[in-house]
Each structure stands twice: as C-alpha cells, then as structure tokens.
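Each chain, letter by letter, is given below.
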Amino acid sequence: MPKDNCYHCGIECNSAKIDFDSKAFCCNGCKTVYEILNQSELNCYYDLEAAPGSIPNEIKGRFEYLDNDEIARQLIEFEDLETSVVNFFVPNIHCSSCIWVLENLHKLNEGIKVALVNFPKKELRITYRKSEISLREVVELIASIGYEPYISLDDSKGPESVNDRKLIYQVAVAGFAFGNIMMLSFPEYFQMDEYWLNRFKPFFRALMFLLSLPALLYSGRDYLISAYKGLKHGILNIDVPISLGILVLFMRSTYEIVSNTGQGYFDSLTGLIFFLLLGKIFQQKTYSFLSFERDYKSYFPIAITKIDGQRKETNISVHDIEQGNRLLIRNEEIIPVDGILIKGNAMIDYSFVTGESLPVLKRSGDKLYAGGKQTSGAIEMEALQSVKQSYLTQLWSNDVFHKNEAKNIKTLTDSISKQFTLIILSIALLAGVYWYFMDPGRAFQVVSAILIIACPCALALSAPFALGNMIRIFGKKRFYLKNTNVIEAMSKIDSLVFDKTGTITSNRQSEITYEGKQLLPEELSRIKTLLRSSNHPLSRILYAHINEKEMEEVLDFREVTSKGIQGMVEGLEVKLGSAAFVGAPADKNLDTAIHVSLDKKIKGKFLFKNAYRTGLKHIISALAKGFKISILSGDNEGEKIRLEKLLPKGSHILFNQKPEDKLDFIKSQQEAASRIMMLGDGLNDAGALAQSNVGIAISENINVFSPACDGILDAKSFELLPEFTRLTHLTMGVIKASFVISFLYNIIGLIFAVTGNLSPIVAAILMPISSISVVLFATISTNILSKKLLP
C-alpha cells in the first residue's frame, strides 16, 4: 500500500494507516482530533447543530458552581495573574487515543497552554490562560468530548473509594446470580427425571437467563465497554479476548435455551464474571499493599532552612515543614510549599510549574506557590500548609523534563502485549474450528477457556512492580529517583563523571583559613549577609564558618555561575568569588579559595582545605571495576596529585571547568558511544546533569536541584553508590526472570485449554492468580536482593 502523509499532523502514515472521509491518518488520535475540529461524524457529545467549538446546553448548566471563586480555589493548584494549573481525575481515560485527544486540547481552545495525562492514575493536568478561558469552560470542554472529570471537594469521597464501592456491588450481583443459577442447575447436573422438574424446566431455564442479564450487563459491563472502546480506536486490549469469551458463552447459552436443546452455560458465564471480579479485588488489595507510590515520595531528600523566634536558623527536611513556619529561601532555591512572602523582594521563576521561565516580581504580603524558584537573593516566607510531597514529585516528573531515551523495557512490554492478544485470538479461532468438528458441545467451552486463561497482565506488571519496589527501597536509603525509567537507564551506564566540590568533598569537614588584610567585625557581617543569599556549597560552608551576625538586607544581588556573587550590603558593594571575578591578581596558590572585595578594594581570600567523603577510596575502587571514571572541577589544580592517586590510571581529571565545559565533555563522551551518569551539586552542574544519560544531584542540607536531573542522592548515602549501581543490574535480571515465569504460565495454561482440560471458571480463577504470583515474585526478589547488599 502506498504511503501518504497524515492529513492532520503531516507525519508519514505506515501501511496500517486509517482512511476516513477520503483522507489518510496515522492514528486514531489524529482522526479523532480532526473529527472534533471539523465537527464531522463525531463520536462524542458535541451538538452537531451547534457552531464549531460550542458546548451543549446540558453540559453548560452542570458546572456553573465552578464560577464560584471559593470553590475554584480549592481545585486550582497554581494561580498567578495570567496562568492557572488544575489537576483532574478522569475515569474515562482508557487508551493511547484518549491520551492523544486530551493532550491536544490546545487545538480545541487556544486558551489551554499544556495538557498532560498521567495514564496509570487517570489524571489530567491542565495549564491554561485565565484571560482566555475559565475553569468552568475548561471542565465543560473536556466533558463535551466524553472525558468528564470526577470533581469532589470532600477527600473522603475520592474517586478511589467510589470505584471500590462500584466493584463490590458488581461482585455482589455476579455472586448472587452465580449462586442461584448453580442451584437451579442442580437437577440437570444430576440428570434427575422427575415429572415436576421436567414440567417446569423451561421456566427454570428462563429464570437462569434472566438472572444472567444483570451479571452480564452490570457486573461484566466494564470488560465489554473497555473492549468496545479499544476496538473502536483500533486497539486490541486485554479485555477483548475476555469479552469475547463472555459473549460466546452468553450467545451459545441463549441459543440452547431458545432452541430447547440444552440449559446452556449460564452457570459458567456468571461464575466466570464473579471470579474475574473477585480476582480484580484481590489484585487491587495486593497491589495496594505492595504499592511503592504510597510511601517512596516521603523520602524526598531535600532540606530547607527554618527560622525560629530567636532568628536562629536550622536545617530541616521539607516534609517536616508545618503551617506557620518561617522559612529562608536562598537564591536558586525551590519554594517547597505555598506561603506568604514576609521579607525581601522576590523574583520567582515558575517554569517548574507552568513551563514559562519569565520571572514574576513578588513583594511582601504576596502569595508564593510551591514549585517556584527564587532568582534574586534570599527571602523569608511563612508556610501556609505542610508540604505535599506528591505535588513536588509530580512537578519533577513533568514530561517537559523527560529525556528522550532509546527503546526500554516498557516499550518492549507494550509491543509484546499488543501482539499477545492477536496471537490468542488466532489460537482460539483454530481451536474452536477443531473442536467444532470433533466435539461441538465442548467447542464453546474450549474457546472461552483459551480467551480467559491467556493473559499478558503478568508480563505487563512485572517490570513496574520490580522497578517500583526498587525505587521505594532506594528511597529508604536516601537515594531518590524521578521515576522507574531511571533504574533501567542506570543499568546501561558504562561511565561515571563526578563533580568535585560538594560531590566527592564534604561541605561539613572543610578546614578554612584566611589570608590578607584583617577583616573588621562589620566587614565580616557584610560578607556573611551576602553569603546568606547564595546556595553554592562553598558559600554555605563559609556562611556557617563566620560567627558574626548578618545585616538586614542585600540589594542588587547577583550570582554568576562558577565565578562568584555580588551585592549592595548597607550601601557598600561586596564581591566574593574567583580572583578574576573580584579583580584580584592571578593566584599562584592552587588551593580552593573565595576572594573578597569590599567597596572595590581587594581585602584577601578564604582558603579551603577539601575533606573528601568517608570511604571515597573504597567507593572509587569498587566503581572502577565496572565503569570508566572522570572528575570535573571548577577549581584549580591544587588537588590534582591527590586525585590521581585515588583514580585508576587513564581516568580524566579536568580542572578550571566552567559549566559549559562540563557540558561539552559529556557530549564528547556520548559521541564516543559512552553512556554517562553525572553526579554533581544540581546548581552549577545543571547543564551537564541534563545532558548526561542519568544525572544525579548530591544533596547535603541543600534545597537546590535541576528539574532535569534524574535523581537526588543524600550525601549520607554516598558510600552506598556501588551497591545502588549493582542493584540496578540485578533488578533488570529479576524482570527478565518474571518474563520467563509469565510466558511459562501462559504456555502451560494454553496447553490445558486447547486440549479441552480446562473449564472457563477455573481459567477465571487462575488468571488473576498468575498476575499476583508474578508481582509477588518481583517484589519479594527485589526485597531479598536489597537486604543482601544494603545495610
């Protein structure tokens, strides 16, 4: 078949293109969006008689309450003068076409900037322009195309509890029908030949038919609807064979009753639905118990500075923030919680939240939103609530910051799952034809058993649970990863690149000396005041070293990456940084130093004797067995001899590296086919972290990391780095073993089903057990491996 370009997006269609209205489309998503935009042959709730883009009246009237500002504020996650962000639970998200349509909402209304779907949680996060579209209009738009969100202001009535109740009701109806049909079938089971039984046999059979209807149409409706929607969008999901099995049993049973040739298989049909739903409940309970989503976020290893009533500053973990706490936010720090600006003028970059990097000016009394980044010195704010860990991690996991990786285990699993359904349907068809000629009475049972027993769920679940459980384990050991893809990416790494300052050196153990003109207490106070606004590791070390009290405020604060900081403190210019930055003569001493300039006069310099992290020699030695190791430093060569003794021969040790130099080094290594994991401080190394295949920020009481980094390693767990890297390889081995178990289960089950030795009811019982067994294997295996390697 000749190839055409998709009429909607312009991408070249493959041989499986979709033809519609004499036009070619590359996928159902493009076709659906085209239908919506052109108001032709809509498969949604748009009024065909209405003008394009209009909302039907029955939908308009239902969401008027969202015009109430008090209600809207409870739903909106972020809001400024121009932009708002809202997150919805959308139960009708069920396939990739749904994702495509919802993530192209901006084509339906230009007021919507970005729409992102979290498919596993069925959540839709929308960023929109308030001046062009209101919250009510956003909800009306997505409801009008068949994706009405679940909206509840009462957390106790969340979507999960509603769905749980519905599933229990479905199980109850199916169980009632199954039990009663079994009871009505007893006479025919035992082939009783009684006058009254024979006389009322048609009545009993009709009663079984009627009892099966609520089981089919209510209890089994989710399988049927999911299969229909999947087929409608050209997708063979796992519910297709299950639905076929249900319908085959129902139609065959109905035919036997209508033709009076038998009692049918209504007992098998209702029993099948009952055990499928019972298995679903058991699966949900098991997955909930094992869920890594529930608790791994609580280990987010980021600190924040809390100011008490005596103006004493202490570092606390972000999850210890309470309502009313006064927090110090330094330059380039992320605001961890909604709050009110108390002191200082803020320039907040909300690109972490909205994707737009234009800083917003905030003054004392203004509200600040979690996820914003302060870009103009230090400010003080009061927390309005405790930290929502899931909100911070959701921002971090934003698709905007994802790296384009090659094919991974997920794409492999998805590909196998899609082919799996097609293979099972083919086997069921061939077996059905064979048994129809050999034993017609068993043909329908065999086909149903094949369609039900074979399930790719175990295949699809093994990777998420193995990777997810390992993320949870890493989190407990203070190694926080953005998502499960990072573990797989780490398992493919062959080169490690370390920053020096704050990564392999400890901020807490450095020895500091001063050389130069004596500094007066007032001058030390000015220096400390300027240092308070900076989050560079050396700034934090020197700030803690100076005992004088800081002054009130810094004006015109400026931080030049890898060079230094400057600002006006009590009317006097203070500059701290490299010799070139402050205007001092070139330094012959190669030790790490911060030079001081006060009122454009060179005063001297603070010298730092680096203290390397505990066990660094052992760590490097263990890592060198499997990785090429490089060290990049923005400092001069004062530590070169010492580092050469630590690293294997031939390792790259580069000094005087600017951020762009580190980035170029990573690129050059990748062009030589190396897969690199970079470990840095997350601020000066942001570009290199983003460019590397895996970027890890080292955290030591610091609230700075790049959104593009893939993980945050607490400095206390740095010595476990060799064990973390080894566990990533072992986790991939567990996943491969899970795949083997899943394939064996399906092969053995199919052999029994094809040979006619498996009933549909038994198949319905075994299907969820297979998924649960693989999930338990993946979870328990990763737990055992981690206990062996991690202390």
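Relevant structure appears above.
Basis of the calculations
Residues numbered from 1 in each chain as written. Predicted model: local features only at pLDDT ≥ 70, side-chain atom pairs only at ≥ 80, totals over all residues. Heavy atoms only, no water. Helix = DSSP H or I, 4+ residues; strand = E, 2+ residues; numbered from the N terminus. Buried < 20%, exposed > 50% of the residue type's maximum accessible area, 1.4 Å probe, protein only. Contact = heavy atoms within 4.5 Å. Areas by Shrake-Rupley, 256 points an atom, 1.4 Å probe, with all protein chains shown as cover. Core = buried A, V, L, I, M, F, W, Y, C linked by side-chain atoms within 4.5 Å. Pairing = 2+ DSSP bridges. Axes fitted to C-alpha atoms, helices over the stretch in contact; angles between N-to-C directions. Salt bridge = Lys/Arg side-chain N within 4 Å of Asp/Glu carboxyl O. Phe/Tyr/Trp six-rings, centres within 6.5 Å; stacked < 30°, edge-to-face > 60°. Lys NZ or Arg CZ within 6 Å of the ring centre and 35° of its normal. Polar contact = N/O pair within 3.5 Å; in protein donor to acceptor, adjacent residues only side chain to side chain. Patch = residues over 30% accessible without salt bridge, like charges linked within 9 Å, V, L, I, M, F, W, Y side chains within 5 Å. Parallel < 35°, antiparallel > 145°, perpendicular 65-115°, else oblique. Left-handed = near helix turned anticlockwise from the far one by under 90°. Nonpolar A, V, L, I, M, F, W, Y, C, P; charged D, E, K, R; others polar.

Moving on: the overall build of the chain. For the chain, the count of helices and strands is 27 helices and 28 strands. Across the 791 residues that make up the chain, the buried fraction comes to 52%. Expressed as a percentage of contacts within the chain between residues at least 6 apart in sequence, the contacts between residues at least 24 apart total 66%. About 36,300 Å² of surface is accessible on the chain, with carbon and sulfur atoms providing 55% of the total.

Let's shift gears to the nonpolar core. Counting residues in hydrophobic clusters, the biggest one holds 47 residues, and the most contacted among them are Leu481, Phe498 and Met677. Among all residues touching Phe498, those that are not within four sequence positions of it are Thr503, Ile504, Ile620, Leu623, Ile629, Ser630, Ile631, Leu632, Leu679, Phe718 and Leu721. One finds Val171, Leu184, Phe420 and Val447 within the second-largest nonpolar core, a separate group that totals 42 residues.

This brings us to the sheet that holds strand β20 (residues 564–569). The strand order across the open sheet formed by six strands is β18-β23-β22-β21-β20-β19, and the pairing between neighbours is antiparallel. The sheet is open, and its two edges are formed by β18 (511–516) and β19 (554–560), each paired on a single side. Strand-to-strand twist of the sheet, defined as the mean angle between neighbouring strand axes without regard to direction, takes the value 15°. The pairing of strand β22 (residues 592–598) with strand β23 (residues 601–609) spans seven bridges and is antiparallel. By the bridge assignment for β23, Ser597 is matched with Ile602. Strand contacts of helix α19 (residues 521–531): β19, β20, β21 (572–577), β22 and β23, with the helix running at about 120° to β20, the strand carrying the most contacts. Packed onto the sheet, helix α20 (residues 537–545) meets β18, β20, β22 and β23 and runs at close to 100° relative to β23.

Within the open sheet, the four strands sit side by side as β3-β4-β6-β5. Their pairing is antiparallel. Each edge of the sheet is formed by a strand with only one pairing partner; in this case those strands are β3 (76–79) and β5 (112–118). If you compare each strand with its neighbour and ignore which way they point, the axes differ by 15° on average. Note: β3 against strand β4 (residues 83–89), three bridges, orientation antiparallel. In the strand pairing of β4, Glu79 is matched with Ser84.

Quick look at the environment of Thr484 now. Considering the arrangement of structural elements, one finds Thr484 in the loop between β16 (479–481) and α17 (485–491). Owing to a relative accessible area of 21%, Thr484 belongs among the partly exposed residues under this scheme. Distance from Thr484 to Met470, taken between C-alpha atoms, is 8.5 Å for residues 14 residues apart in sequence.

Here the focus is the pattern of salt bridges. It is possible for side chains bearing opposite charge to pair when their charged atoms get close. Within this structure, the stated rule accounts for 16 salt bridges. For Arg136, the salt bridge is made with Glu140, and the minimal N-O distance between the two is 2.9 Å. With a gap of four residues between them, Arg136 and Glu140 both fall in helix α5 (residues 135–144), about one helical turn apart. Summarising the burial analysis for this pair, Arg136 and Glu140 share the class buried. A salt bridge links Lys603 to Glu523; the nearest nitrogen and oxygen atoms lie 3.2 Å apart. On the criterion of sequence distance, the pair formed by Lys603 in strand β23 and Glu523 in helix α19 is long-range, its members being 80 residues apart. Exposure remark for Lys603: the relative accessible area of 19% places this residue in the buried category. Taken together, the salt bridges that share partners define one network made up of Arg311, Glu313, Arg326, Arg330, Glu380, Arg532 and Glu550.

What follows covers the environment of Asn656. With respect to the helices, strands and loops of the structure, Asn656 is situated in the loop between β25 (652–654) and α24 (659–671). Along the backbone, Asn656 and Gly634 are 22 residues apart, and their C-alpha atoms lie at a distance of 4.4 Å.

This paragraph deals with the packing of aromatic side chains. Under the definition given, this model contains 14 aromatic pairs. Ring centres 4.9 Å apart and planes at 65° place the aromatic pair Phe78 and Tyr369 in the edge-to-face group. In this pair, Phe78 is assigned in strand β3 and Tyr369 in the loop between β13 (367–368) and β14 (373–374), connecting sequence segments 291 residues apart. The structure contains a cluster of three or more aromatic residues connected by ring pairs, namely Phe209, Phe250 and Phe266. Across from the ring centre of Tyr543, 5.6 Å away, lies the NZ or CZ of Arg330, which sits over that ring.

So, on to the pairing of β5. Most of β5 is tucked away, with five of its seven residues classed as buried. In this structure, β5 lies alongside strand β6 (residues 123–129), joined through six bridges in antiparallel fashion. Within the sheet, the bridge partner assigned to Ile112 lies in β6 and is Tyr128.

Before going further, it helps to spend a moment on the side chain of Ser534. Positionally, Ser534 belongs in the loop between α19 and α20. Of the polar contacts made by the side chain of Ser534, one reaches the side chain of Glu559; its length is 3.2 Å.

Turning our eyes to something else, we now look at α19. Where burial is concerned, most of α19 is hidden: nine out of the eleven residues are buried. Regarding α19, the residues found buried are Glu523, Leu524, Ser525, Arg526, Ile527, Lys528, Thr529, Leu530 and Leu531. Contacts from the buried residues of α19 go to α20, β19, β20, β21, β22 and β23.

We now examine the pairing of β23. As paired elements, β18 and β23 share six bridges and run antiparallel to each other. Looking at the pairing, Ile512 lines up with Phe608 of β23. The turn joining β22 and β23, which pair antiparallel and follow one another in sequence, is formed by two residues; a positive phi near 55° is taken by Asp599.

Moving on: the side chain of Gln170. Topologically, Gln170 is positioned in helix α6 (residues 159–189). A residue is classified by how much of its surface remains accessible, and Gln170, at 1% relative accessible area, is buried. Leave out the neighbours within four places in its chain, and Gln170 touches Tyr218, Ser219, Arg221, Asp222 and Leu277.

What follows deals with a nonpolar patch on the surface. Judged by side-chain polarity, Val740, Phe743, Leu744, Ile747, Ile748, Ile751 and Phe752 come together as a nonpolar surface patch covering roughly 650 Å² of accessible area. Note on Ile748: relative accessible area 48%, which makes it partly exposed.

Attention shifts here to the packing of helix α8 (residues 201–219) against helix α10 (residues 239–259). Running from amino to carboxyl end, α8 crosses α10 at an angle of 160°, the nearest separation of the two axes being 11 Å. Between α8 and α10, the interaxial angle falls into the category roughly antiparallel. Two packed elements cross with a definite hand, and for α8 against α10 that hand is left-handed. Where α8 approaches α10, its residues Arg205, Phe209, Ser212, Leu213 and Leu216 are matched on the opposing element by Ile246, Phe250, Thr254 and Ile257. Broken down by class, the residue content of the contact of α8 with α10 amounts to six nonpolar, two polar and one charged.

Relative orientation of the contacting elements α10 and helix α15 (residues 440–453) amounts to 160°, with a least axis distance of 8 Å. As summarised for this structure, α10 and α15 are arranged roughly antiparallel, according to the angle between their axes. For α10 against α15, the interelement crossing comes out left-handed. Every residue of α15 that contacts α10 at Pro241, Ile242, Leu244, Gly245, Val248, Leu249 and Arg252 is listed here: Phe444, Ser448 and Leu451. Counted by class, the contact of α10 with α15 contains seven nonpolar, two polar and one charged residues.

What follows deals with the environment of Ile321. By the element assignment, Ile321 lies in the loop between β8 (313–317) and β9 (326–329). According to the relative accessible area criterion, Ile321 is buried, its value standing at 2%. A C-alpha to C-alpha distance of 9.8 Å links Ile321 and Leu384, two positions 63 residues apart in sequence.

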